[in-house]
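A closer look at the structure
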Amino acid sequence: MEAMNADICVIVPTIREYECMRAYFDNARAHGFDLDRLFVLLVTEDFCDTEGMASMLDDEGVSGAVFDGTAREEWYDEHDVSEYSHLVPAASHAQTSFGLLYMWAHSEFDYGVFIDDDTLPHDEWDFFGRHMANLARTDEVESVSSDERWVNVLYQNADEHGLYPRGYPYSAMDETVETGTRELRDVVASQGLWTNVPDLDAVRILMDGDLEGQAQTRTDFEDFDGDFVAEPGQYLTVCSMNLAFEREVVPAFYQLPMDDNEWEVGRFDDIWSGVFLKRAADVLGKDVVTGYPLCEHNKAARPTFDDLNNEVPGLELNEHLWEVVDAVGGDADSYAGVFEAMADALADGDWSEYRNGGFFNYVGEHMRDWLDCLAALDAPRAAAPADD
């Protein structure tokens, strides 16, 4: 279905549980949120049930589109950006980047929302409405910082559960947390957190005694106590399973090229893009709000050691990425400007001291290509010659 009045592009990477979106549409109806505002982009693969996905959207009366690998290649051709198709790895969660390119090519979308297909909304919140309200907020919220310059997004009940989320540097653990309150600046991203299965990395899942890729320790409503922001100069993990953002951040929000690379680095696409986004937001005087709406995360069981094999090649790099980007881009005046400075630092650096350090150079080159691709999508395309 075509989008008539849609201003929100909902990006869902899926190869299995696309039917979860029915629950999100039901939530919107129950809370009076206008579904006409949504355009749902299901990003999938050629081996998946694309007809079933399209039928689901039609049944629900929601505008949207389904893009498998073949359809993505056709889209690149139609928009004269085939030379940048390598930016979106196949069969990877990082295919969410295709959704960002699609958003950028369609100026009617003012907002984006990422939803993972193993989540469900909670009835307690108007899922889409709360995210949109967060992006418009100017009130006071709790502000958080630590002596390690990292904020554990699960800090509110960490004394009880002891959890750190996927992507949180091991060297920043056992931090001293300070909280206060302050007025929000221009909010450009709204990160909702998760009940049931917390978003942990494989090492922490193993430490929690779980061999099925989930966690023995689960989160519930009492583990969360409202919204907060990490103070400027502080970093936090950004997980894309429940996230809304404004269009303006797209140049600095590339979901990085994981899985299909010679170093076999995986599972850091949204984590590292969140580091880039937070740095850009700090430089430009913007805010990232974290907290509500919560979603229910029903991660499917899978061998924890599979995730471990994907994560180990990038664990050392994850300890240092934030230090690299924190040192550059401070004088930039745009998202693209900050992102270009970060890209240059990574692409041109000598990272031979790190195992798999060449992946930083690889990421930096892809970041440069990301900006070039967005510029190409902005450029007017030549009109087809008229028939004689």
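Our subject is the structure listed above.
None of the values given here were measured: they were computed from a predicted structure.

1. Things to note about the overall build of the protein
Secondary structure summary: the protein contains eleven helices and 13 strands in total. Since a compact globule built from 388 residues should have a radius of gyration of about 21 Å, the 20 Å found for the protein is in line with a globular shape. With the C-alpha coordinates of the protein rotated into their principal frame, the extents come out at 75 × 50 × 45 Å. Across the 388 residues in the protein, those meeting the buried criterion constitute 59%. Contacts in the protein between residues far apart in sequence, at least 24 positions, make up 82% of those at least 6 positions apart. As displayed, the protein offers around 15,200 Å² of accessible surface, 44% of which is attributable to carbon and sulfur atoms. Taking the 23 positively charged and 83 negatively charged side chains of the protein as two groups, their mean positions are separated by 3 Å.

2. So, unusual backbone geometry
Cis geometry is found at the peptide bond from Tyr 292 to Pro 293, where omega equals 5 degrees. One can find Pro 293 in strand β13 (residues 286–297). If you check the backbone angles, Asn 196 has positive phi at about 75 degrees while not being a glycine. Within the secondary structure, Asn 196 is located in strand β9 (residues 186–196). Positive phi is not limited to glycine here, since Arg 267 has a value of about 75 degrees. Structurally, Arg 267 is set in the loop between β12 (242–246) and α8 (269–284).

3. Brief notes about empty space enclosed by the protein
Enumeration according to the criterion identifies one cavity of 30 Å³ or more in this entry. Lining the largest cavity, in full, are Arg 166, Gly 167, Tyr 168, Tyr 170, Asp 201, Phe 268, Glu 311, Leu 315 and Asn 318. Its residues assigned to classes, the lining of the largest cavity comprises four nonpolar, two polar and three charged.

What counts and how
- Residues numbered from 1 in each chain as written.
- Predicted model: local features only at pLDDT ≥ 70, side-chain atom pairs only at ≥ 80, totals over all residues.
- Heavy atoms only, no water.
- Helix = DSSP H or I, 4+ residues; strand = E, 2+ residues; numbered from the N terminus.
- Rg over C-alpha atoms; globule rule 2.2 N^0.38 Å.
- Buried < 20%, exposed > 50% of the residue type's maximum accessible area, 1.4 Å probe, protein only.
- Contact = heavy atoms within 4.5 Å.
- Areas by Shrake-Rupley, 256 points an atom, 1.4 Å probe, with all protein chains shown as cover.
- Lys, Arg positive; Asp, Glu negative; His and termini not counted.
- Charge placed at Lys NZ, Arg CZ, Asp CG, Glu CD.
- 1 Å grid on protein atoms, 1.4 Å probe; cavity = no way out; pocket = protein on both sides within 12 Å on 5 of 7 lines; lining within 4 Å.
- Points joined across faces, edges and corners; volume = space filled by probe spheres on them.
- Nonpolar A, V, L, I, M, F, W, Y, C, P; charged D, E, K, R; others polar.

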